Amino acid sequence: MPLFTAFGDGTDPARPGRVRSGFTLSTAVAPTSSSLHVVGRKARSGVDGRPSGRAPEVDWDEASELRALASKRFSERIGRSPLADEIARQELGRTVIMEVVQEATEARFAVNGYVSSATAQDALAQAVFDLMFGLGRLQPLVDRPDVENIIVVGHDRVFLDLVGGEKVPGPPVAASDDDLIQLLQDLASRADPPRVFSDANPDLHLNLDGARLAASAFVTHRPSVVIRRHRLVRITLDDLIGLGTLSPLLASFLAAAVKARLSIVVSGQQGDGKTTLLRALCAEIGPEEVLGTFETERELGLEQLVDEHPVVFSWEARPGSGERGPDGRPVNEFTLQDGMHASFRYALDRQIVGEVRGREVAQMIMAMESGSGSLSTTHAASASDTMEKLVSCAMQSGEFTRDSAVMKLARCLGLVVQLRSMYVRGRDGSVRKRRVIDEVLAITPGEESAGYAATTVFRSDPDGPAVAFVLPDHLRMLAGHGFTANEFLLEAQRHGGVA
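Model, not experiment: these values are computed from the prediction.

Moving on: the confidence of the model for the protein. Detailed reading of predicted coordinates is not advised where the pLDDT is low. A residue-level look at the protein finds 87% of positions with pLDDT of 70 or above and a mean pLDDT of 84. When mean pLDDT is taken per element in the protein, helix 7 (residues 248-259) scores highest with 97 and strand 2 (residues 38-39) scores lowest with 26. pLDDT under 50 marks residues 1-21. Its contacts with residues more than four places away, or in other chains, come to 69 contacts. Confidence drops under a pLDDT of 50 for residues 24-53, and excluding neighbours within four residues, the segment shows 73 contacts in the predicted structure.

So, on to the sheet that holds strand 15 (residues 415-425). Taken in spatial order, the seven strands line up as 13-14-9-15-16-17-18 in an open sheet, and their pairing is mixed. Edge strands, defined here as strands with exactly one partner in the open sheet, are strand 13 (355-356) and strand 18 (464-468). Here six bridges tie strand 16 (residues 431-445) to strand 17 (residues 452-461), and the two strands are oriented antiparallel to one another. From the neighbouring strand, I443 faces strand 17, where its bridge partner is A454. Along the sheet, helix 8 (residues 274-282) makes contact with strand 9 (264-268), strand 14 (375-379), strand 15 and strand 16, crossing strand 14 at roughly 170°.

One can find I78 in helix 1 (residues 60-80). Residue I78 is classed as buried on the basis of its relative accessible area of 15%. Remark: the alpha-carbon pair of I78 and G93, spanning 15 residues in sequence, is separated by 9.8 Å.

Let us look at the nonpolar core. Ranked by internal contacts, the top residues of the largest apolar core, which has 48 residues, are L237, F253, F458 and F488. Residues within four places of L237 in sequence aside, it is in contact with L246, A251, L254, A255, L277, A280, L281 and E284. Within the second largest apolar cluster, 33 residues are counted, among which are A383, C393, V406 and Y452.

This brings us to the packing of aromatic side chains. Tallied over the full model, the rule gives 11 aromatic pairs. Relative to F133, the ring of F74 lies with its centre 5.7 Å away and its plane at 85°, an arrangement referred to as edge-to-face. One end of the pair, F74, is in helix 1; the other, F133, is in helix 3 (residues 118-133), with 59 residues separating them in the sequence. Note on F74: relative accessible area 7%, which makes it buried. Given a relative accessible area of 8%, F133 falls into the buried group. Pairing F458 with F488 gives two aromatic rings, centres 5.2 Å apart and planes at 80°, and the pair type is edge-to-face. Here F458, found in strand 17, pairs with F488, found in helix 13 (residues 485-494); they are 30 residues apart in sequence, far enough to count as distant.

With their axes 9 Å apart at the nearest point, helix 9 (residues 336-343) and helix 10 (residues 360-369) run at an angle of 15° to one another. In terms of axis orientation, helix 9 runs roughly parallel to helix 10. For the element pair helix 9 and helix 10, the recorded crossing hand is left-handed. Residues L336, Q337 and M340 of helix 9 form the contact with helix 10, whose own contacting residues are E360, Q363, M366 and A367. Across the contact of helix 9 with helix 10, the residue classes break down as four nonpolar, two polar and one charged.

Turning our eyes to something else, we now look at helix 1. The terminal C-alpha atoms of helix 1, which comprises 21 residues, lie 30 Å apart, in line with the 30 Å expected from a rise of 1.5 Å per residue. Every buried residue of helix 1 is listed here: W60, E62, A63, L66, A70, R73, F74 and I78. Mapping the buried residues of helix 1 onto a view down its axis gives an arc of 140°, with all of them on the same face. Facing away from the buried side of helix 1 by over 90 degrees, the exposed positions are D61, E65, K72 and G79. Tucked inside the fold, the buried residues of helix 1 contact helix 2 (86-112), helix 3 and helix 4 (139-143). At the N-terminal boundary of helix 1, the capping side chain belongs to D59, with an oxygen 3.1 Å from the backbone nitrogen of D61.

Tracing the chain through its elements places E439 in strand 16. At 8.8 Å, R420 is the nearest oppositely charged side chain to E439, a buried residue that forms no salt bridge. Separated by 3.5 Å, the side chains of E439 and T456 make a polar contact. Excluding anything up to four places from it in sequence, E439 contacts A383, V416, V417, Q418, T456, F458, R459 and A466.

Definitions and cut-offs
Residues numbered from 1 in each chain as written. Predicted model: local features only at pLDDT ≥ 70, side-chain atom pairs only at ≥ 80, totals over all residues. Heavy atoms only, no water. pLDDT = per-residue confidence, 0-100. Helix = DSSP H or I, 4+ residues; strand = E, 2+ residues; numbered from the N terminus. Contact = heavy atoms within 4.5 Å. Pairing = 2+ DSSP bridges. Axes fitted to C-alpha atoms, helices over the stretch in contact; angles between N-to-C directions. Buried < 20%, exposed > 50% of the residue type's maximum accessible area, 1.4 Å probe, protein only. Core = buried A, V, L, I, M, F, W, Y, C linked by side-chain atoms within 4.5 Å. Phe/Tyr/Trp six-rings, centres within 6.5 Å; stacked < 30°, edge-to-face > 60°. Parallel < 35°, antiparallel > 145°, perpendicular 65-115°, else oblique. Left-handed = near helix turned anticlockwise from the far one by under 90°. Nonpolar A, V, L, I, M, F, W, Y, C, P; charged D, E, K, R; others polar. Expected span 1.5 Å × (residues − 1). Arc of directions from axis to C-beta. Polar contact = N/O pair within 3.5 Å; in protein donor to acceptor, adjacent residues only side chain to side chain. Lys, Arg positive; Asp, Glu negative; His and termini not counted. Salt bridge = Lys/Arg side-chain N within 4 Å of Asp/Glu carboxyl O.

Below, the structure is given as structure tokens:
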């Protein structure tokens with residue numbers, strides 16, 4: 001179950017996802033009005049997900065006061081008639097919020113003789129709802145379709161990474177650092193299952209059903225938050241061709257590699273689009289395959305794409321509470337190792353380990369050794385660094401020596417696909433961030449001291465995505481899966497490669 005269902009999935013305007021519900025008034029609430037009318041969320045976005053106009057400024061101090069009143073009234077009604085269903089709870093919350101906003105509007109009219117506009121009342125009601133059920137003052141930023149990352153260093157130092165690559169200042173997300181920590185603790189407590197965010201557990205990672213939140217406090221100089229929005233959930237290699245991420249030839253090669261069940265690691269630095277490319281690779285997997293995904297926090301979202309992947313079993317790690325059980329593990333902890341162990345009874349065609357940051361490499365190797373054509377991502381500065389990064393992670397897990405890690409990776413890992421970000425200046429002087437596949441390496445066992453051999457199949461091109469270079473003999477079989485090998489050889493000759 002996702003942490004929140006109050007906001008959209010962050011897909012791009014060309015592939016609109018869910019639109020979070022909200023408050024809309026046909027006219028301003030005057031003292032004679034009986035209620036607010038709740039319909040679909042339209043105050044911040046139009047039908048295509050783009051901003052439909054400048055939103056009115058919200059008095060967050062007033063919203064906080066109304067939230068306290070609405071929360072008390074909400075708790076009283078829940079106490080009289082408990083509601084287990086989250087949708088029903090939110091509908092009751094909207095009803096209560098409508099009441100308190102109308103009462104505030106009538107009180108303002110009695111004192112000052114004026115009524116705020118319907119749009120302003122919508123915004124105030126939505127702010128109260130966001131404080132009660134959403135991400136508080138972070139919610140309007142998450143709702144913006146032009147925002148890719150939200151970076152918070154203390155309640156009042158906020159920066160927004162926009163889709164085009166620009167970084168701009170954002171508004172404060174809390175009244176104080178203490179209030180920001182309280183918000184994060186509230187979000188942690190509302191997670192399913194609840195998480196602990198405290199001095200003893202100073203890191204918080206949450207799946208927000210459309211975004212990923214990472215936060216730290218107590219061990220950082222100020223509470224710090226980064227929210228990564230998943231803009232492109234339903235994405236294909238053809239879509240990435242249109243975005244300039246790769247060429248049709250490279251797309252043909254990668255699609256064939258997935259169909260041939262080669263195990264692939266997508267690498268790159270933060271923000272290079274690794275998860276997006278992994279989703280596009282997964283789109284090449286046929287609907288007949290039964291998939292298992294293993295993630296510390298759910299990000300891939302394959303289980304939501306039931307038209308593309310009808311059968312997906314999705315395992316998510318659970319950190320457990322701070323208490324320790326008889327076995328020394330945190331109570332209610334569930335690791336990716338637990339999920340991987342259980343998955344071998346599920347008749348899976350593929351096991352996909354989403355992101356490898358450390359010990360997850362053991363599960364990645366296990367998935368690849370099963371011959372399932374596994375797919376994963378990891379952080380690395382270059383394609384050549386990726387193998388060393390994975391070997392280091394394997395050694396740090398305590399389950400492998402260097403020699404055993406190299407041996408297993410060299411035997412089961414087929415390709416390393418490296419991404420990079422580049423900035424393109426338009427004719428109007430604007431600068432746009434563009435993500436490209438920078439290099440593709442084929443990994444095979446080697447007899448040299450490294451223990452593996454890496455062949456550059458597509459090499460880096462400073463002006464765009466990687467170009468054909470060398471096609472190893474063992475990859476020529478990809479022609480049987482739709483790869484246009486002849487075009488590869490022609491392009492390799494043009495770029496000084498080996499035909």
